[in-house]
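Below, each chain spelled out in residue letters.
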Amino acid sequence: MSAPEIVVLPDAVEVVNVGLPMFADAVRAQGRPVEHVDWRPPAGGYPEAIRALTRLHAERGAAIDAANAEVLRRLDTGVPFLVGVAPAGDVVPGLAGRVLLHCGPAIGWDRVVDPLRRSMRAAAVAEGWAADTAGADALLASGAVRLEPANPHDTVVPMASAIGPSAPVLVVEMSTPDGPVRTFAPINQGPGEAPWFGRDTPAAIERLLLLRDVAGPAVAAVLERTGPLDVLAVAAQGIAMGDDLHMRTQAATNLLARTWLPHVAALPDHLRERFAAFLGGNHLFFLTVAMAAARALTAWAGRVEGSSIVTTMSRNGTTFGVRLAGSDRWHITDSPPVGEALYYSGYGPEDGAPDIGDSAVLELVGLGGPAAANSPAVAAFLGGTMADAARATEVFRRICVGASSRFTLPALGFSGSPVGVDVRAVVELGITPKVTTGILAAHSGAGQVGAGVATAPLACFVAALLELAGD
């Protein structure tokens, strides 16, 4: 019988720990070097999602990657132009009769959150369908006004917006090899007492009439003089100047106002002064211009079959929905709260409504959250430092298939912002997009009460993944 082998323990121990961090903490507490690997089962260990990921990577990976490359190319190279303004009923497909287009997935009146109800009431009064908000409430409750989501009408609306046939909309057009793309968004209503913030006061209704009677005709007249506007060329300059083009749009708005200034001065007397005052006091004006352009990019990208890239991400304050390129099917779950937030004085989390609006389309084309790294204003909501903002952009990079060639971030060495949210990466890593957004009062009608960052819910991405896998 041979002698037992003598095991000699090392004098020094260096550890690589995989999985549970408590073991790394224990080694570290004993003064030894340790590298912790934050490993966890893909897709949170959910068997159906793991099977779907296996199929989508192993069996269909090459085909999906090819489709994704084409989607990325379209998102990165499409050139949408703002070409005009017109009443929604004249240009938006399928908008006829008493109908209001709203943000997010389809929803019935009985489930509409308070700020969106107020916006719908204000819109119904502005359309002349009711004499006051009480009459509008009864009309909407009766079903005499149809409620339809804006996205299927090639339209996007911000925050708690609702628009009817007389509302002026920005018209964006883009030429592509497989046919033209035409998309729409309302003129931004501006800060303060406005329906998109969940207000239905007389002043809020008057704001809608100002858009119809002054801002709409004024912008149309300006564009007749200037010709089409290359929207994303302005957006790229705004990004370099500290905008994220979602929460902060001041730089792009100022650039646009400077470009338009001589033409605003040439407007007729009944438009010039009132529009100049409106534009000069509306630092958010460019938001919906960028949204319409982003919708054009996702509409073109959405024509590609077999991609795993998300081309719709929208919320109505009750539900949150996503769609993949090449699919008209919505995958819907509850709208999340706005978690990383700063509230106005006197307000807190209990006062805020859930995440709301179509503006998350911006995050799908490299704006908003993906561009956070270069925006000091957004950094304040992400921990307070530019390093925190950079981490937010890098998290997006982990779930996106590529980087923008036009939205470059000086604070990150002029690298491109992440583009093309891949549902496979979202589910595998359990990392969902973060959306920079405003916060509306949940019940009081006080309007905007803060701003912050909403984390998209995972469930709808899992459902989209299973659809793509054929499960």
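Residues numbered from 1 in each chain as written. Predicted model: local features only at pLDDT ≥ 70, side-chain atom pairs only at ≥ 80, totals over all residues. Heavy atoms only, no water.

Caption draft 1: Inspection of the packing of helix H8 (residues 231-240) against helix H9 (residues 250-265) at higher detail. Interaxial distance between H8 and H9 falls to 8 Å at its minimum, and their mutual angle equals 130°. As summarised for this structure, H8 and H9 are arranged oblique, according to the angle between their axes. In terms of crossing hand, the pair formed by H8 and H9 is right-handed. Contact residues: Val234, Gln237 and Gly238 in H8; Ala251, Ala252 and Leu255 in H9. (Axes fitted to C-alpha atoms, helices over the stretch in contact; angles between N-to-C directions. Helix = DSSP H or I, 4+ residues; strand = E, 2+ residues; numbered from the N terminus. Parallel < 35°, antiparallel > 145°, perpendicular 65-115°, else oblique. Left-handed = near helix turned anticlockwise from the far one by under 90°. Contact = heavy atoms within 4.5 Å.)

Caption draft 2: Looking closely at empty space enclosed by the protein. In this structure the tally under the stated criterion is 4 cavities of 30 Å³ or more. In this structure, the largest cavity encloses a volume near 170 Å³. Ile163, Ala167, Pro168, Leu208 and Leu211 are the residues nearest the centre of the largest cavity, which is lined by 16 residues in total. Only helix H5 (114-126), strand S6 (162-163) and helix H7 (202-226) provide two or more residues apiece to the lining of the largest cavity. Take the lining of the largest cavity: its biggest share by element is 4 residues, from H7. (1 Å grid on protein atoms, 1.4 Å probe; cavity = no way out; pocket = protein on both sides within 12 Å on 5 of 7 lines; lining within 4 Å. Points joined across faces, edges and corners; volume = space filled by probe spheres on them.)

Caption draft 3: Fine view of the layout of surface pockets. Taken as a whole, the largest pocket spans an internal volume of roughly 340 Å³. Along the wall of the largest pocket there are 20 residues; nearest its centre are Met247, Leu284, Gly438, Gln448 and Ala451. Among the secondary structure elements, those contributing two or more residues to the lining of the largest pocket are strand S13 (338-343), strand S17 (434-440) and strand S18 (448-455). In terms of residues, the lining of the largest pocket owes the most to one element, S17, which gives 3 residues. Its residues placed into classes, the lining of the largest pocket shows 13 nonpolar, 7 polar and no charged. (Nonpolar A, V, L, I, M, F, W, Y, C, P; charged D, E, K, R; others polar.)

Caption draft 4: Geometry of the sheet that holds strand S3 (residues 81-87). Strand order in the open sheet formed by 4 strands is S8-S7-S3-S9, and the pairing between neighbours is antiparallel. The sheet is open, and its two edges are formed by strand S8 (181-186) and strand S9 (229-230), each paired on a single side. Packed on one face of the sheet, H7 meets S3 and strand S7 (168-174) and runs near 145° to S3. Sheet contacts for helix H11 (residues 286-301): S3, S7 and S8; angle to S8, the most-contacted strand, approximately 150°. (Pairing = 2+ DSSP bridges.)

Caption draft 5: Region of interest: the nonpolar core. Counting 111 residues, the largest nonpolar core has Phe275 and Phe286 as its most contacted members. If you tally residues by element for this core, the top one is H11, at 12 residues. Beyond its immediate stretch of four places on either side in the chain, Phe275 contacts Val214, Ala215, Ala218, Val219, Val264 and Leu267. The next biggest cluster of nonpolar side chains, apart from the first, holds 32 residues, and it includes Ile64, Ala360, Phe396 and Leu468. (Core = buried A, V, L, I, M, F, W, Y, C linked by side-chain atoms within 4.5 Å. Buried < 20%, exposed > 50% of the residue type's maximum accessible area, 1.4 Å probe, protein only.)

Caption draft 6: Fine view of the pattern of salt bridges. This structure, assessed with the given rule, holds 22 salt bridges. Among the ionic pairs, Asp178 bridges to Arg74, the shortest N-O distance being 3.2 Å. Of this pair, Asp178 sits in the loop between S7 and S8 while Arg74 sits in helix H3 (residues 61-77), and the two are 104 residues apart along the sequence. Asp178 sits in the partly exposed class, given a relative accessible area of 40%. On the basis of relative accessibility, which here comes to 11%, the residue Arg74 falls in the buried class. For Asp213, the salt bridge identified is with Arg212, shortest N-O distance 2.8 Å. (Salt bridge = Lys/Arg side-chain N within 4 Å of Asp/Glu carboxyl O.)

Caption draft 7: Structural context of the sheet that holds strand S4 (residues 99-102). Taking strand neighbours across the sheet as the criterion, the 3 strands line up as S5-S4-S6 in an open arrangement whose pairing is mixed. Of all the strands in the sheet, the pair left with one neighbour each is strand S5 (146-149) and S6. In the sheet, S4 pairs with S6 via 2 bridges, with the strands oriented antiparallel. From the neighbouring strand, Leu101 faces S6, where its bridge partner is Ile163. Sitting on the sheet, H5 is in contact with S4, S5 and S6, with an inclination near 140° to S4.

Caption draft 8: Summary view of the packing of H9 against helix H10 (residues 269-280). Packing of H9 against H10 brings their axes to within 10 Å, and their N-to-C directions diverge by 165°. Compared by their axis directions, H9 and H10 come out roughly antiparallel. Seen from above, H9 lies across H10 with left-handed handedness. Counting all contacts with H9, which are made through Ala257, Val264 and Ala265, the residues of H10 involved are Arg272, Phe275, Ala276 and Leu279.

Caption draft 9: Representation of the pairing of strand S1 (residues 15-18) in the model. Sheet topology note: the S1/strand S2 (residues 34-37) ladder contains 4 bridges and is parallel. Bridge pairing links Val16 to Glu35 in S2. For the crossover that starts at S1, traverses helix H1 (residues 21-29) and ends in the parallel S2, the hand is right-handed. (Right-handed = clockwise from strand over helix to strand, strands pointing away.)

Caption draft 10: Layout of H8. Most of H8 is tucked away: 7 of the 10 residues are buried. Those residues of H8 lying buried are Val231, Leu232, Val234, Ala235, Ala236, Gly238 and Ile239. Looking at the packing, one finds that the buried side of H8 touches S3, S9, H9, H11 and strand S15 (400-409). Directly after H8, the chain includes Gly242, whose backbone phi takes a positive value near 105°.

Caption draft 11: Quick peek at unusual backbone geometry. In this structure, Ala43 is a non-glycine residue whose phi angle is positive, near 55°. Secondary-structure assignment places Ala43 in the loop between S2 and helix H2 (47-59). Positive phi values are uncommon outside glycine, yet Leu245 reaches one of about 70°. Counting through the fold element by element, Leu245 comes out in the loop between H8 and H9. A residue is classified by how much of its surface remains accessible, and Leu245, at 0% relative accessible area, is buried.

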